[in-house]
There are 2 protein chains.
Amino acid sequence: MNKKVQSNSDETPYKWFWRALDDYLVKNSLKQTKQRKVIVQEFLAMNPHVDAEQLFERLRKMGYYFGLATVYRTLNLLKDANLVDQLAFSDGRSVFEVNTPDSHHDHLICTHCRKVVEFENEEIEKLQLKVAQHYGFSLESHRLDLFGRCPDCMPV
Amino acid sequence: MNKKVQSNSDETPYKWFWRALDDYLVKNSLKQTKQRKVIVQEFLAMNPHVDAEQLFERLRKMGYYFGLATVYRTLNLLKDANLVDQLAFSDGRSVFEVNTPDSHHDHLICTHCRKVVEFENEEIEKLQLKVAQHYGFSLESHRLDLFGRCPDCMPV
DNA sequence: ATCCATCTTCAAGTGAATTGCAAATAGAGT
DNA sequence: ACTCTATTTGCAATTCACTTGAAGATGGAT
Ligand SMILES: [Mn+2]
Ligand SMILES: [Mn+2]
Ligand SMILES: [Zn+2]
Ligand SMILES: [Zn+2]
C-alpha cells in the first residue's frame, strides 16, 4: 500500500511552489527524492512559520523516519531556490516561511506566548528606502520585528 | 608598576555609565573586581558594536589574560544592568552596544563589508506604534535592520 | 584580621545547525 | 530493462557561540 505523495500538491494553492521547485531541481541537476517530496509537502501543510525540529517531529509522527539532517538540507535547498525565507530569532532558534513573490510582510511577536502576527505597512517600507538613500546605501532587504504583548496575553 | 584602571573613566564621556554600574553592583551585592573594571574600560574604548571575541582578543593583546567566560559574564552583567544591548545577527554572532538612555537608533548593515551605520527615524517609530495598536499589541521593543551595499561597496 | 558570599578560571557541557563518509538511489544514457 | 554514476541519505561526529559546574581566589563587610 504505497502512499501517494505528490498528488496532493495539485490540490493545494501551492502549485506555483511545486513548479518552481521542479524547475529549480531540473536546472541544477538535482534529484526528486521521496524524502524531498514528503518534507516539502509537510512543510507546506504546517505553514506559516515552521520550526525545523517541529517539522522533523511531525514527519516522525506521520511515520516518516527521515534524518534531521535531511530536513535541514531540504529547507536549505528551498532557501537556495529562493522559495523560503529563514527568520532567525535572537534566542538562536529560527523558523522558515514560504517566500511569496510580489508580497512582503513583517512580524509582530508576542513576548509572552510567542504568537506571531504578520503585517504589511507600505508607509514604513517607503521610509526605509528613504533612510537607505540618505546614507548612500542600496537597500537589498530588511527585517522588522515588533515585540510586545498580544491581546490574549495583556496583563489586567 | 601598577596600571591604573578606573581613573580613565573620569576622563571619558562615560561617567554616567560607570556611576550606573557602581550603583548596580552595590545594590545587588556584587563585587568590583579588577577583571570587571578592565573589561568594561576596554568595552567602552571599542564602542560601538563590540563583538565578545574581539573584546577578548583586544584584552589579550593588552596583556590581560582573562578567561573568555569572564568576558561573556561581564557583558551579561551589563545587559542585566540595562547598560548594554545585545544585537544578535542571523549568523549566530552578536555584538554589544552601550544602551544610551533616552535615545534609540536602528541599523543599516552593509552586506558586503559588514559595516554598521546607525540611524534614527521618528516617523518609522510612530508608525510601528500605530501598527502594534491596530493589532491590539502593547509595543515593548522592536528591531529594524536594513541590509544593503554601503557607498564604499557600491558596484560600479 | 577574619570570614564568607561572590568571582574567576578552565574544562566540560549545550543546542541548533552543518559536515564527512559509506551505502543507497534517481534518472540519464544505452 | 539494465548500467552507470552523480546525487542523496542516514548517522555520527563536528562546529560554533555561548553557558555552566566546580574548586580555589578574592572583595569587602564586620
Ligand atoms: Mn511571516
Ligand atoms: Mn548601534
Ligand atoms: Zn501572547
Ligand atoms: Zn560596505
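Check the entry above for the structure.
Please read these numbers as outputs of a predicted model, since none were measured by experiment.

**Some words on the protein's contact with DNA strand D**
Inspection of the region around DNA strand D gives 20 residues, with Thr33(A), Arg36(A), Thr70(A), Tyr72(B) and Ser94(B) positioned closest. Of all DNA strand D atoms lying within 4 Å of any protein atom, the proportion belonging to sugar or phosphate reaches 67%. Between DNA strand D and the protein, one listed contact pairs a phosphate oxygen with a side-chain N or O atom of Thr70(A) at 2.6 Å. The contact in question runs from a base nitrogen of DNA strand D to an N or O atom on the side chain of Arg73(A), over 2.9 Å. Residue assignment for the surface near DNA strand D shows that the elements contributing at least two residues are helix H2 (34-46) and helix H4 (68-80) of chain A together with helix H4 (68-80) of chain B.

**Side note on the interface of chain A and chain B**
Each partner contributes residues to the interface: chain A has 34 residues there, and chain B has 34 residues. With both chains or domains summed, chain A and chain B bury close to 3,000 Å², and 69% of this area falls on carbon and sulfur atoms. Three residues stand out in chain A for area buried against chain B, namely Leu127(A), Phe137(A) and Phe147(A), and they jointly supply 20% of the buried area on that side. Run the count over chain A and chain B and you get two salt bridges. Two residues, Arg149(A) and Glu140(B), come together in a salt bridge whose shortest N-O distance is 4.0 Å. The interface formed by chain A and chain B contains ten residue pairs in polar contact (both at pLDDT 80 or more). Broken down by secondary-structure element, the contributors of at least two residues to the side of chain A that touches chain B are strand S4 (106-110), strand S5 (116-119), helix H5 (122-134) and strand S6 (138-149) of chain A. Among the elements that make up the side of chain A that touches chain B, the one with the highest residue count is S6(A) (twelve residues).

**Let's talk about the coordination of the manganese ion (ligand 2)**
Residues and elements named next belong to chain B. Distances from the manganese ion (ligand 2) to its protein donors, His49 (NE2), Glu97 (OE), His105 (NE2), His107 (NE2) and Glu118 (OE), fall within 1.9 to 2.3 Å. Mapped onto the sequence, the residues coordinating the manganese ion (ligand 2) show the spacing H-x47-E-x7-H-x1-H-x10-E. Taken as a pair, histidine 107 in strand S4 (residues 106-110) and glutamate 118 in strand S5 (residues 116-119) lie far apart in primary sequence, eleven residues in all. A relative accessible area of 4% places histidine 107 in the buried class. Classification of glutamate 118 by relative accessible area gives partly exposed; the value is 32%.

**Comments concerning the packing of H5(A) against helix H5 (residues 122-134) of chain B**
Between H5(A) and H5(B), the least distance of the axes is 10 Å, while the angle of their chain directions is 160°. One finds that H5(A) runs roughly antiparallel with respect to H5(B). Considering the relative orientation of H5(A) and H5(B), their crossing is left-handed. Residue-level contacts link Glu123(A), Ile124(A), Leu127(A), Gln128(A) and Val131(A) of H5(A) to Glu123(B), Ile124(B), Leu127(B), Gln128(B) and Val131(B) of H5(B). Split into classes, the residues belonging to the contact of H5(A) with H5(B) amount to six nonpolar, two polar and two charged.

**Overview of the protein's contact with DNA strand C**
Neighbouring DNA strand C are 20 residues, the closest being Lys31(A), Tyr72(A), Thr33(B), Thr70(B) and Arg73(B). In the interface set of DNA strand C, defined as its atoms within 4 Å of the protein, sugar plus phosphate atoms amount to 69%. Tyr72(A) is positioned such that a nitrogen or oxygen atom in its side chain is 2.2 Å from a phosphate oxygen of DNA strand C. At 2.9 Å, a side-chain N or O of Lys31(B) approaches a base nitrogen of DNA strand C. When residues of the surface near DNA strand C are traced back to their parent elements, those giving at least two are H4 of chain A together with helix H2 (34-46) and H4 of chain B. For the surface near DNA strand C, the element with the highest residue contribution is H4(A), accounting for four residues.

**A short note on the relation of the copies chain A and chain B**
Note on the copies: chain A fits chain B at an RMSD of 0.1 Å, the axial shift is 0.1 Å, and the rotation between them is 179°. Those values place the two copies in the arrangement expected of a two-fold rotation axis. For chain A, the minimum C-alpha distance to the rotation axis belongs to Leu144(A) and amounts to 2.3 Å. A symmetric contact is evident, with 100% of the interface residues of chain A recurring at the interface of chain B.

**What about the pattern of salt bridges?**
Side-chain pairs of opposite charge can arise where the charged atoms are in close proximity. Residues and elements named next belong to chain B. Summed over the entire model, instances satisfying the criterion amount to ten salt bridges over all chains. A salt bridge links glutamate 42 to arginine 58; the shortest N-O distance between them is 2.8 Å. Here the residue glutamate 42 occupies a position in helix H2, and arginine 58 occupies one in helix H3 (residues 52-61), the gap between them amounting to 16 residues. Among the residues examined, glutamate 42 registers a relative accessible area of 5% and is labelled buried. Judged by its relative accessible area of 30%, arginine 58 falls in the partly exposed class.

Calculation rules
- Residues numbered from 1 in each chain as written.
- Chains lettered and ligands numbered in written order.
- Predicted model: local features only at pLDDT ≥ 70, side-chain atom pairs only at ≥ 80, totals over all residues.
- Heavy atoms only, no water.
- Near = heavy atom within 4 Å.
- Polar contact = N/O pair within 3.5 Å; in protein donor to acceptor, adjacent residues only side chain to side chain.
- Helix = DSSP H or I, 4+ residues; strand = E, 2+ residues; numbered from the N terminus.
- Contact = heavy atoms within 4.5 Å.
- Buried area = accessible area lost by both parts, 1.4 Å probe.
- Salt bridge = Lys/Arg side-chain N within 4 Å of Asp/Glu carboxyl O.
- Donors = N, O, S within 2.8 Å, 3.2 Å for Na, K, Ca; no water.
- Buried < 20%, exposed > 50% of the residue type's maximum accessible area, 1.4 Å probe, protein only.
- Axes fitted to C-alpha atoms, helices over the stretch in contact; angles between N-to-C directions.
- Parallel < 35°, antiparallel > 145°, perpendicular 65-115°, else oblique.
- Left-handed = near helix turned anticlockwise from the far one by under 90°.
- Nonpolar A, V, L, I, M, F, W, Y, C, P; charged D, E, K, R; others polar.
- Least-squares fit on C-alpha atoms with pLDDT ≥ 70 in both.

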